[in-house]
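# Commentary on secondary and tertiary structure
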Amino acid sequence: MSDLDLKNGYQNTMAEKMSEASTDLLNQVDQHLNHPNQAWLLGAGISKDAGLPLMMDLTAQVFKKSEGKAHAAVLDAMKAGLPEEAHIEHLLSQLGDYMAIAKRVLDKTVTLAGTEYGLNALEAAHEAITGDIAEVIRWGYIAAKDGVVEIVGSQQNPLVSVEHHSKFVQALFEKRQAGLREPKKPIHFFTTNYDTLLEDAIALGRYSSWDGFSGGAVAFREHRFGQTVPTDGLRAKVIKLHGSIDWIMGEDGDVWRVRSTDTYPTRKGRVYIHLQSTKYLATQKDPFAAQFSMLRELIGSNSELVLVVCGYSFGDEHINEELERALSLPSNKTTLIAFCRESNGLPQEIERWRKAHWGERVYALTQKGLYCGVHGPLLQKEEGEHEWWSFRGVTRFLEDGGMGDM
């Protein structure tokens, strides 16, 4: 046998071993998704195929809806002072800061782009903007791009579909949890989305769930910060970190979940949480203090946990800080699996975390391949891209262990 044959044989053997090791890592991800103690962190990306816009498209549509209305000037003035990539949550956060300043100063006004606005005008603008957000999310919106014609949903022509969420929920509960020998623990779903598709899909699948409210079509926020969370008989817990289109603040300060057509109870305002400078204050008050406390307690415990991320772009600094703080604890046993799309590389948080001393517990599955700790991308396709990063791709992964995308 020639030296060239020996060299080729060695290279082929090494390639086979690397391929086997990569497949083993994919199987590890598959096994982690069977873990009886797991949580999901879900973002706007999971609702895109359902007819809902991502943040930048939502922002553009909110601006369109403001045209000719009193709060349009407030929106324009704030946008002019923020980076181009700022979206509607950043704008609402900025507006919240101006409202806080107006409350403190003697004449109850602030100046934006050379124009004075009183506190009442700022609060009215906030209510109008959140109302427009709720309308877009409730009925759906598809932006015009890549040859797709713009479609604006309405009460007469709703665009929103629960189909993809229902398939995901069914794959998770029926495929993944059906054969568990250990007692089923409720799956925690932490979501930054305002829409109700996840909880709707869980209900349509007839899985018992808890979201902190008590009641029927109209429900009141029962759970408070520091209270024990129920577990008996539950398959799911839905914790909405940024609020919901069906949450309102009542005059008495209580939080209610209501139907969009209800005129009761009397509303003081919609409930949302905003990013950036106001996020800290917002998360010190219920219901958000309780929501973030549940996230912090779960991922920060010493128990084994699998935390799966999908549709989340790592754009919330507060959530990212909570994740990094918990994962970096010496006693932490949480495994992080992030299904995400690469855009000029991995999200910077994932890139940093996978290289940390605890990075062997970090997996990322993207259109380019599989990452585990410092290794990757593995299992790259010779042609085309993986669809693991998408919500549909995650659902298929739950169904076939990722082998259907090889």
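Note that the structure is predicted; figures quoted are calculated from it, not measured. (Residues numbered from 1 in each chain as written. Predicted model: local features only at pLDDT ≥ 70, side-chain atom pairs only at ≥ 80, totals over all residues. Heavy atoms only, no water.)

### Side note on the sheet that holds strand S1 (residues 38–42)
Taken in spatial order, the nine strands of this open sheet run S7-S10-S6-S1-S14-S15-S16-S17-S18, and their pairing is mixed. Across the chains shown, the open sheet's two edge strands, defined by having one partner strand only, are strand S7 (209–210) and strand S18 (375–378). The pairing of S7 with strand S10 (residues 236–240) spans two bridges and is classified as parallel. If you follow Ser-209 over to S10, its bridge partner there is Ala-236. Strands S1, strand S6 (187–191) and S10 of the sheet are contacted by helix H6 (residues 163–176), whose axis makes an angle of about 150° with S6. (Pairing = 2+ DSSP bridges. Helix = DSSP H or I, 4+ residues; strand = E, 2+ residues; numbered from the N terminus. Contact = heavy atoms within 4.5 Å. Axes fitted to C-alpha atoms, helices over the stretch in contact; angles between N-to-C directions.)

### Concerning the packing of helix H2 (residues 55–66) against helix H3 (residues 72–80)
Helix-helix packing is described using two parameters, namely the angle between the two axes and the distance between the axes. The geometry of H2 relative to H3 is characterised by a closest axis approach of 9 Å and an angle of 140° between their N-to-C directions. Taken together, H2 and H3 sit at an angle that is classed as oblique. Two packed elements cross with a definite hand, and for H2 against H3 that hand is left-handed. For the pair formed by H2 and H3, the contact residues are Val-62, Phe-63 and Ser-66 on the first element and Ala-72, Leu-75, Asp-76 and Lys-79 on the second. (Parallel < 35°, antiparallel > 145°, perpendicular 65-115°, else oblique. Left-handed = near helix turned anticlockwise from the far one by under 90°.)

### Focus on the pairing of S6
Counting buried positions along S6 yields five of five residues, so the element is predominantly enclosed. Across the two faces of S6 the burial is the same, with Ile-187, Phe-189 and Thr-191 and His-188 and Phe-190 all buried. As paired elements, S1 and S6 share four bridges and run parallel to each other. Bridging across to S6, Ala-39 finds its partner in His-188. Relative to S10, S6 is paired through five bridges, and the arrangement is parallel. In the sheet register, Thr-191 faces S10, and the bridge partner there is Lys-240. (Buried < 20%, exposed > 50% of the residue type's maximum accessible area, 1.4 Å probe, protein only.)

Remember that the coordinates give geometry; whether it matters functionally is a separate question.
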